[in-house]
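Chain residues, written in single-letter form:
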Amino acid sequence: MQDPSTLASRSPRAVILIDLDCFYAQCEHVRDPALSTTTPVGIQQKNIIVTANYAARLRGVGKLMLVHDALRACPDLAIRNGEDLTHYRAYSKQIWATLRAHFPAPCAIERLGLDEFFIDVTDAPVHPDSETGQLPGDCHAVGDLAGDDLLAVEALVSASWWAHTARHHILTECGFTTSAGIGPSKLAAKLVSSLHKPNLQTVIAPAMVAVYVAGLPFRAIPGLGSSVRKALREHFPTITDSTTVADLTTLLPTAAAWARIAGARVGPTLAALCRGIDSSLVIDTPTTPTQLSVEDAFASPTPSITDLESRLFTLLQSVLARFDTELGAPAVPKSLRVTIRTRSSGFKRTSASAPVVGGLRWRADENAVLRVARGLLRKLVAGGVGGAVDVGDVNLINVALVHFDVPSSSTAAGAAQPTLLAQWARAGPRAAVLDGGGETTGPVHDRAARARLDLNDIAARIRPDLHDDDDVLVLVEHDDAADRMAILMACPFCAASVAPWSWDVHMVAHDADDNID
DNA sequence: TGGGGTCCT
DNA sequence: AGGACCC
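Right, let's walk through the structure included here. If you're wondering where the values come from, they're calculated on a predicted model, not measured in any experiment. (Residues numbered from 1 in each chain as written. Chains lettered and ligands numbered in written order. Predicted model: local features only at pLDDT ≥ 70, side-chain atom pairs only at ≥ 80, totals over all residues. Heavy atoms only, no water.)

At their nearest, the axes of helix H2 (residues 23–31) and helix H5 (residues 86–102) sit 10 Å apart, and the two run at 90° to each other. Here H5 runs roughly perpendicular to H2, going by the angle between their axes. Where H2 approaches H5, its residues Phe23, Tyr24, Cys27, Glu28, Val30 and Arg31 are matched on the opposing element by His87, Tyr88, Tyr91, Ser92 and Ile95. In terms of residue class, the contact of H2 with H5 is built from seven nonpolar, two polar and two charged. (Axes fitted to C-alpha atoms, helices over the stretch in contact; angles between N-to-C directions. Helix = DSSP H or I, 4+ residues; strand = E, 2+ residues; numbered from the N terminus. Parallel < 35°, antiparallel > 145°, perpendicular 65-115°, else oblique. Contact = heavy atoms within 4.5 Å. Nonpolar A, V, L, I, M, F, W, Y, C, P; charged D, E, K, R; others polar.)

Following this line, the structure appears as C-alpha cells:
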C-alpha cells in the first residue's frame, strides 16, 4: 500500500491558481446585470477605490487609488460602496463550492483571500481533452513545453485542460470570468497567472521556472514583504525597485546569506523561491476559519468613550450575526478580542482579549458579551483601567471571535438548547459581583453569588491554562420551571448543556468516544 | 490606504 | 499581544 504522505509530496506537482478578475467589480456586475461592463465601475471603501473593472482601468483608474484621484482620471466613474463584504463573501463561497464539486478529494483546494484558489490536480485523472497534446485555445505558454520532460509535460497539459474546465464551470455556474496560472508548484502557478488577463490562462514549462523567476523584479516573490525589502535596502543601498531576482541572487548567493538578512526561517525559504524552488503543498482550506472579525475605520476623531463604545457595539452585533449565519451552533470561540488603531502611533494596532469558557449563545448572551467587549475597550483607551490612548486618536476598531472549537458531530445532534442568562464574572479572589443582566432581586442574586464559586471551579476544570485573575465569560441558566439559577456549561466538544456535578462523567464519555474512533 | 484573513514568535 | 505576510 502506498504511503499517502509520499504520494502527496510527489514532485513535481501540477498546480493551478485560479484568480477572479477584478473580483469586487465583477460581483457588482453579477448582482446587477443592468450595469454595463462598458461603463467604468469602481469599488469604494472609505477614501479609496480598492478595485475597478476593466473599463475603468482603461481610463486610468488603478487599485487602491484615492477616490479623488480616480474621479479626476475618470469623472464618469460609477462608484459602488464595498465596505460591507457580505455579498463578496457569498459569491466567493459559491465559487469554492463549484470548484469542490468538480475537484473532489484527493485534489486539495486552498483559498487565498476571497478571490484566489489554488488547486492541486497532481492526482486527478488525465483530462480527456489533453490526449492530443494540444493546450486549450485560451492558454498561453511560458517556455517550450514540448522540449521539457515528457511526463511533466503530460501532467501540465492535462492540468491546463483542468484549469480551462474549472474556469468554464465558474463562468457558467457562477457568472465570473477568471484568469489562471498552471505550473509545477504554487510559486510557478502564481507567478504566471497574471501574465495574460482577463479571462485567459498561462502555463509554464518546469524547466523555465527558475529562468522566469530570475528575470522578475525581486518584489514579485511571494513572501518577500515590506519588512524584508527594508532590511535588504539597508544592507545593499544599490537595490532599487527594478532590481531583479537574479541581481539579488548575486548579492545573496546562499541560504546562509539570506538567513542573515531575513532570519533563520524566512531567509532560506526566500533563497529557494528566488531559484524557483517551492515545495509547499496546496492545503485544503478548512470550513471553520481560525478567526472571524469585523472592523471599521473612521476619519474624524470620536469625541467621547461613549461614542467609541457605540461603534464597538455595532461591530459586535455584526460579528455575532456573522457567527450565527456562517458558523452556526456547533462552533465555539475560545476568545473575544478587541483591537484599536491610532493615528499617532503610525497606524499600529493594539489589542486585548478575554477567554470564553464553554461557549456562548449570542441571542441570550448579548448583554454579557457587550459588557466584556466594553471592558476590553476600556483596557485599551484612556478613561479605562489601563488604557494609555486618547479617545480622539483612535481611528479603527476591530472585534474578533478567535480560535473555534468544532465539537464532533455525533453527540451534537439533539443537544438541548436551554434559555440561558449569561453572566459576566471575574474568576479568582477579586471576583466581580454577578448582576444577572440587571435582575438583582434577592433570591436570584443570592444564588448567583453562591454560583460564582462553582463557575470559577468549572472554569478551572475546563481551561486549566487560565490564570486565576483572567477575565472569563461563563453561562448561567435560569431554570424557568424551577425558578432558580442553574449552572450549566456548554460542553466544548458536543455543545450539550452539562451540570457541574456531571462534568467529569461527561468528559470521560468523550474520552471513550475518542478511543472508539 | 480598506476590510478582511493566515501563520509564527 | 504583536509581527509579517497574503488578497
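What follows concerns the environment of His102. Assignment of secondary structure puts His102 in helix H5. In sequence terms His102 and Arg371 are 269 residues apart; their C-alpha atoms lie 46 Å from each other. Excluding residues within four positions of it along the chain, His102 makes contact with His169 and Glu173. Within polar-contact distance, the side chain of His102 engages the side chain of Glu173 at 3.0 Å. (Polar contact = N/O pair within 3.5 Å; in protein donor to acceptor, adjacent residues only side chain to side chain.)

The strand order S6-S7-S1-S9-S10-S8 describes an open sheet built from six strands, whose pairing is mixed. Here the strands that pair on one side only, and so sit at the sheet edges, are strand S6 (109–112) and strand S8 (139–142). For this sheet, the mean inter-axis angle between neighbouring strands, taken without regard to orientation, is 20°. Sheet analysis places strand S1 (residues 15–20) next to strand S9 (residues 178–183), joined by six bridges and oriented antiparallel. Bridged to Leu20 within S9 is Thr178. Of the strands in this sheet, S1, S6 and strand S7 (116–120) touch H5, which is tilted by about 10° from S7. (Pairing = 2+ DSSP bridges.)

Here we take up the side chain of Lys186. As for its position among the elements, Lys186 is in helix H7 (residues 186–193). Among the residues examined, Lys186 registers a relative accessible area of 12% and is labelled buried. If we skip the residues at most four places from it in the chain, Lys186 touches Val15, Glu110, Phe118, Asp278, Ser280, Leu281 and Val282. (Buried < 20%, exposed > 50% of the residue type's maximum accessible area, 1.4 Å probe, protein only.)

Taken residue by residue, helix H11 (residues 255–262) has Ala257, Trp258, Ile261 and Ala262 as its buried positions. The arc that holds every buried residue of H11, seen down its axis, measures 115°, which confines them to one face. At the exit of H11 stands Gly263, carrying a positive phi of roughly 95°. (Arc of directions from axis to C-beta.)

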